[in-house]
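# Fold and contact review
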Amino acid sequence: MKRADLQSNLAMTVTLIMGAMLFTTLFMGYAIYRSASTYWPPMGFAKVALGLPTFSTFLILVSSLFCYLARVATQVRKVEKARLYLHLTLILGLAFMLTQGFLWSHLKATGVYVSSGIFASILYGFTWIHAAHVILGLGTLLYLEIVLKNTSDSTIRKVINVEKFWHFLGIIWLIMYFTIFVL
Amino acid sequence: MSGGYNEIHPEPTTFISKYLISFDHKVIAKQFLWYGIFFLGLGGLMALLIRWTLAYPGVPFPVLGNLLFPDSAGIVPPDSYAMLFTMHGTIMIFYAITPILIGAFGNYCIPLMIGARDMAFPMLNMLSFWFAFLSGVVLITSLFLPLGAASGAWTSYPTLSTMIGSPGAGQTFWCVAIFLFGISSTMGAVNYVTTVITLRAPGMGYFDMPLTIWGLWLTAILNAIFVPVLGAGVILLTLDRVLGTTFFLAGASATSGSGDPVLFQHVFWIFGHPEVYILILPAWGIVSDLLSFFSRKPAFGAKSTALAMTAVTVLSTLVYGHHMFTTQMSPLLTQSFMTLTMTISIPSAIFFANWLGTIWKGSIRFDSPMLFSLGVVFVFGLGGLTGLHLGTVTTDLYLHDTYFVVGHFHYTMAASVLLGGFAGIYFWFPKMFGKMMNEKLAKLHFWGTMIPLNGVFFGMLMIGYGGMHRRIYNPFVYDSLKRLIPINEFVTISAILMGLFQIVFVINFLWSLKKGPKAPNNPWEVGTLEWTIPSPPVHHNYDEIPVVKCGPHELGNPNLKTGRDFQYQTEELVQG
């Protein structure tokens, strides 16, 4: 492996470990809240309807797929195709954020406010923190929109790193979907 | 994967690209050094204000008192006292020790000592400093807020740190500052880990790296893994404070579900215990190298020192519970944490014995870096031994939250790291700035620091054992603590003395910078890579990437016929 590739891979691995530690801490906290509580959801709250979160999950997973295809197209040096998949990833990413917005207004409409206790804190807080990272991810996708004009080694490295980060966000959302909304 | 591609960046020409937005690891190291020394002074001044209040409660602070506290006629008021010890801890840990030991020495030593031209990611390195700078600005701004800076101690336990305990914006600023600093630290960590793995000079295996690099590298790994944990904690705390969530607020659990204040303690110490090793590992590494260099002997068991430091790094992630023995933790859990904590003694004793083995029968040169290194050996020994009392549940229940704890962590984190930092500054100053420091003043600075330092911290151990609590404003309203007034005065006088002797250092530093005699390439006669090039090094460090042929501690080899008692790492090991 070339030194630049190795450096890029190592740095991205360390970065993803950092992200994973941040979300692991949140999930550890959640596990403690859940196990310490007699009722979940606590009295006065109902489970969130699964429709919207499921749709979000679908969007982010498909966008991950497109991101994967964009990377593969870059590696086989098909810029036009790669750019098309990149556009699709970006659009689905934005759509994901839109559904998150709907989720928050839906929660508010059903009387679950930010300050309504730990159940609401987790619903809002965790999705906010994830959304903040998605915005960061969208930023890196926008950056790719600018630099993905050729298929040089350095462009390929950038696409690979953004792809890894985008998959990471998808995986975190999937874990959130199952632990917070489904379970 | 070492050797090969390692490009020369063009030298910057404008003032801004040369000194401000510099990508050069040597300039960034100096930026971190100035930054750290500034905050060291600020944190030190706060320490003096705290000490003054404890020895002479109700007496105005001399000279600066009226300027700082005009409303109370120069006396430190109780709310400001809480703010002072909070900011003293925060500043010393995150804004003084971290920038000097990790920011300055990490940036300066890693590329030079492994034979690289720069860090793997120079731009990330530059951003790392400016995030730290921004964080410092936020923290200093918080001192001028209407209700003052954070006052919930550097640990920021809820409910002290929630809106109930700290209504002002100070605590929120604290969270933001710490988060920004975390970004800076993790950026540095990405860089250090990658650089050490990929940019070592050809021929340099991991055990050919100086132990300084081992310490810094292990620190970077811990930083990358555990700083994000604190990041998560302060995000949740900020959400609680600003947006009204209830993660750390206790409430009626059956109805609305309850937040959990103790959860923050877990999160904090999962980060916090590795953090103390993040701070001490670079100092251990520096001392391990310097003891060998100035004893003119190979480091005794260098490989086992490196492995012992690695073992401490791993164990440090498993012991955080010993900070929380008094939180009604299950005895089963406290026993486990106690056992794991005691296990750390084993690798610590290994490298400590190696230090003694290194100086044993060496032809020791008592230059200032060596004096400071020997100082570290002494104070770290004391700090480590007092840790045993606190790691043991039975004694900790009595000593918890007393000044004994303060004495212990100052011996380990403050004294060891400070002396280690000074050792590093005296040692690398000639390489950094191309000038020699004044040796007489350096020795005066050493004794003027070392003796009062033990007065301060040993005194703290004693008043702690005598039962004085850590964070009370005026201990002498309690009759039982009145007998501790004389020792408290002794500690304060020692602290003032120690503070005054730091002026010697500042004068020496600034004077040498301007007027010091020009430093030769290798003033200390050691063989690591940075001493093979001019002082200060050129912009791209090495015209040709060096090829490493032996370890970093090849001193006093009886087979050497070159007229020197050491050999450079670029020379083939001389054998009989």
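Please read these numbers as outputs of a predicted model, since none were measured by experiment.

Right, let's talk about the overall build of chain B for a bit. Scanning chain B from terminus to terminus reveals 17 helices and zero strands. Over its C-alpha atoms chain B spans a radius of gyration of 24 Å, differing by no more than 12% from the 25 Å that the globule rule assigns to 576 residues. Oriented by its inertia axes, the alpha-carbon framework of chain B measures out at about 75 × 50 × 50 Å. Scored against the burial criterion, the 576 residues of chain B give a buried share of 55%. Taking all contacts inside chain B whose residues are at least 6 apart in sequence as the whole, residues at least 24 apart take part in 79%.

Across its full length, chain A holds five helices and zero strands. Sequence-ordered secondary structure for chain A, helices as α and strands as β, is α-α-α-α-α. With respect to the principal axes defined by its C-alpha atoms, chain A has extents near 55 × 30 × 20 Å. In chain A, buried positions account for 37% of the 183 residues. Taking all contacts inside chain A whose residues are at least 6 apart in sequence as the whole, residues at least 24 apart take part in 79%.

Our next topic: the nonpolar core. Counting 220 residues, the largest nonpolar core has B:Ile114, B:Val193, B:Ile213, B:Trp217 and B:Ala423 as its most contacted members. Discounting chain neighbours no more than four positions away, the residues touching B:Ile114 are B:Val196, B:Leu199, B:Arg200, B:Ala201, B:Met204, B:Met209 and B:Ile213.

To continue, consider the environment of A:Ala31. Residues and elements named next belong to chain A. By the element assignment, Ala31 lies in helix H1 (residues 3-36). Taking the number of C-beta atoms within 10 Å as the measure of exposure, Ala31 has 11 and is therefore exposed. Along the backbone, Ala31 and Ile60 are 29 residues apart, and their C-alpha atoms lie at a distance of 24 Å.

What follows concerns the interface of chain A and chain B. Taken together, the contact between chain A and chain B spans 32 residues of the former and 38 residues of the latter. Among the secondary structure elements, those contributing two or more residues to the side of chain A that touches chain B are H1 and helix H4 (118-147) of chain A. If you tally residues by element for the side of chain A that touches chain B, the top one is H1(A), at 17 residues. Split by residue class, the side of chain A that touches chain B holds 19 nonpolar, 12 polar and one charged.

Time to look at unusual backbone geometry. Outside of glycine, negative phi angles account for most residues, and trans bonds account for most peptide bonds. In this structure, A:Pro41 follows A:Trp40 across a cis peptide bond, with omega equal to -5°. Examined against the element boundaries, A:Pro41 turns out to sit in the loop between H1 and helix H2 (51-75). The step from B:Pro158 to B:Thr159 runs through a cis peptide bond, and the omega angle for that step is 5°. Mapped onto the secondary structure, B:Thr159 falls in the loop between helix H5 (122-142) and helix H6 (170-198). With phi around 65°, A:Arg77 is a residue other than glycine that occupies positive phi space.

The subject of this paragraph is the packing of helix H9 (residues 261-295) of chain B against helix H10 (residues 302-315) of chain B. Residues and elements named next belong to chain B. Packing of H9 against H10 brings their axes to within 11 Å, and their N-to-C directions diverge by 175°. When the axes of H9 and H10 are compared, the pair comes out roughly antiparallel. Contact with H9, carried on its side by Tyr277, Leu281, Trp284 and Ser288, involves Thr305, Met309, Val312 and Thr313 of H10 and no other residues of that element. By residue class, the composition of the contact of H9 with H10 is five nonpolar, three polar and no charged.

A few words on helix H3 (residues 79-109) of chain A. Residue and element names in this part refer to chain A. Given a rise of 1.5 Å per residue, 31 residues ought to cover 45 Å, and the 45 Å separating the end C-alpha atoms of H3 matches this to within 8%. Turning to H3, its buried residues number three or more, namely Ala82, Tyr85, Leu86, Thr89, Leu90, Gly93, Phe96, Gln100 and Leu103. Those residues of H3 that are buried are in contact with H2, H4 and helix H5 (153-182). Following H3 by one or two positions, Gly111 adopts a phi angle in the positive range, close to 85°.

Our focus in this paragraph is the environment of B:Asp401. All names here are of chain B. Residue placement: Asp401 occurs in the loop between helix H14 (393-399) and helix H15 (403-433). In sequence terms Asp401 and Met468 are 67 residues apart; their C-alpha atoms lie 8.7 Å from each other. The contact partners of Asp401, leaving out residues within four places of it in the chain, are His469 and Arg470.

Quick look at the packing of helix H16 (residues 439-465) of chain B against helix H17 (residues 485-515) of chain B now. Helix-helix packing is described using two parameters, namely the angle between the two axes and the distance between the axes. Residue and element names in this part refer to chain B. Two elements in contact, H16 and H17, have axes whose closest approach is 8 Å; the angle formed by their N-to-C orientations is 155°. In this view, H16 runs roughly antiparallel relative to H17, as classed from their interaxial angle. Of the two possible hands of crossing, H16 and H17 adopt the one that is left-handed. For the contact of H16 with H17, a count of residues per class yields 18 nonpolar, eight polar and no charged.

Attention now moves to the confidence of the model for chain B. Residues and elements named next belong to chain B. The predicted model of chain B averages 92 in pLDDT, with 98% of residues at 70 or higher. The model gives residues 1-5 a pLDDT under 50, and that stretch makes 12 contacts with residues more than four places away or in other chains. Across the predicted assembly, pTM comes out at 0.94 and ipTM at 0.95.

Reading guide: rules and limits
Residues numbered from 1 in each chain as written. Chains lettered and ligands numbered in written order. Predicted model: local features only at pLDDT ≥ 70, side-chain atom pairs only at ≥ 80, totals over all residues. Helix = DSSP H or I, 4+ residues; strand = E, 2+ residues; numbered from the N terminus. Rg over C-alpha atoms; globule rule 2.2 N^0.38 Å. Buried ≥ 20, exposed ≤ 12 C-beta atoms within 10 Å, placed from the backbone. Contact = placed C-beta atoms within 7 Å. Core = buried A, V, L, I, M, F, W, Y, C linked by C-beta atoms within 7 Å. Nonpolar A, V, L, I, M, F, W, Y, C, P; charged D, E, K, R; others polar. Axes fitted to C-alpha atoms, helices over the stretch in contact; angles between N-to-C directions. Parallel < 35°, antiparallel > 145°, perpendicular 65-115°, else oblique. Expected span 1.5 Å × (residues − 1). Left-handed = near helix turned anticlockwise from the far one by under 90°. pLDDT = per-residue confidence, 0-100.

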